[in-house]
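Each chain is listed here by its residues.
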Amino acid sequence: MTNEQDLIQRVTHYIMTDVASAPPETPPAPDFPIIEGGMVDSLGLFKVIAFTEEQFQVRIAPEEIVFENFSTINAIVSLIRSKL
C-alpha cells in the first residue's frame, strides 16, 4: 500500500508539473489552499480528478467533487486514502 508521504509527493509533483499555470519554485505545503491560492483553476481541477482516478485506480463520484475534497493536497490525499 502507498504511504502518506508518497501520495503527497505524487499529487504535489503532478500539480506543479501538469496543472499549475505558474508553478512555484518550491513545492507548496500539503495544507496550502491550491484553489484559493490560484495554483489550480477549474480546468486544473478536472485534470487532478482524472489523474487521481487513473494513477490510484479509484473512482471519484460526482457528489465527491466538492471544494472540501480538493482544497489542499492533504484533502486530495485524504480522499485517495478513503478509496484505497
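Above: the structure in question.
Quick look at the structure, then. Predicted model only: the values in this text are computed from it and were never measured.

Take the nonpolar core next. Membership of the largest hydrophobic core comes to 23 residues, with the highest contact counts inside it found for V11, I15, F70 and I76. Of all elements in the fold, only helix 1 (4-19), helix 2 (42-56) and helix 4 (73-83) reach the threshold of two or more residues within this core. Considering each element in turn, this core owes the most residues, six residues, to helix 1. Contact partners of I76, with chain neighbours within four places excluded, come to V11, I15, I34, V48, T52, N69 and F70.

Enumeration over the complete set of coordinates arrives at two aromatic pairs. Relative to F51, the ring of Y14 lies with its centre 4.1 Å away and its plane at 5 degrees, an arrangement referred to as stacked. Placement of Y14 in helix 1 and of F51 in helix 2 is noted, with a sequence separation of 37 residues between them. Across this residue pair, the class does not change: Y14 and F51 are buried.

Once that is clear, we can look at the packing of helix 1 against helix 2. Helices that pack against each other are described as a pair by the angle of their axes relative to one another and the distance between those axes. Their axes nearest at 11 Å, the elements helix 1 and helix 2 cross at an angle of 140 degrees. Classified by the angle their axes make, helix 1 and helix 2 are oblique. With respect to the hand of their crossing, helix 1 and helix 2 are arranged in right-handed fashion. On the side of helix 1, the interface is formed by L7, R10, V11, Y14, I15, D18 and V19, while helix 2 contributes G44, K47, V48, F51, Q55 and F56. In terms of residue class, the contact of helix 1 with helix 2 is made up of eight nonpolar, two polar and three charged.

A separate point is the pattern of salt bridges. Per the stated rule, a full pass over the model turns up three salt bridges. A salt bridge links D6 to R10, with the nearest nitrogen and oxygen atoms 3.6 Å apart. In this pair, D6 and R10 both sit in helix 1, four residues apart, roughly one turn of the helix. Between K83 and E64 there is a salt bridge, with its nearest N and O atoms 3.1 Å apart. Of this pair, K83 sits in helix 4 while E64 sits in the loop between helix 2 and helix 3 (67-70), and the two are 19 residues apart along the sequence. Overall, K83 belongs to the partly exposed group, its relative accessible area being 29%.

Cut-offs used in this document
Residues numbered from 1 in each chain as written. Predicted model: local features only at pLDDT ≥ 70, side-chain atom pairs only at ≥ 80, totals over all residues. Heavy atoms only, no water. Core = buried A, V, L, I, M, F, W, Y, C linked by side-chain atoms within 4.5 Å. Buried < 20%, exposed > 50% of the residue type's maximum accessible area, 1.4 Å probe, protein only. Helix = DSSP H or I, 4+ residues; strand = E, 2+ residues; numbered from the N terminus. Contact = heavy atoms within 4.5 Å. Phe/Tyr/Trp six-rings, centres within 6.5 Å; stacked < 30°, edge-to-face > 60°. Axes fitted to C-alpha atoms, helices over the stretch in contact; angles between N-to-C directions. Parallel < 35°, antiparallel > 145°, perpendicular 65-115°, else oblique. Left-handed = near helix turned anticlockwise from the far one by under 90°. Nonpolar A, V, L, I, M, F, W, Y, C, P; charged D, E, K, R; others polar. Salt bridge = Lys/Arg side-chain N within 4 Å of Asp/Glu carboxyl O.

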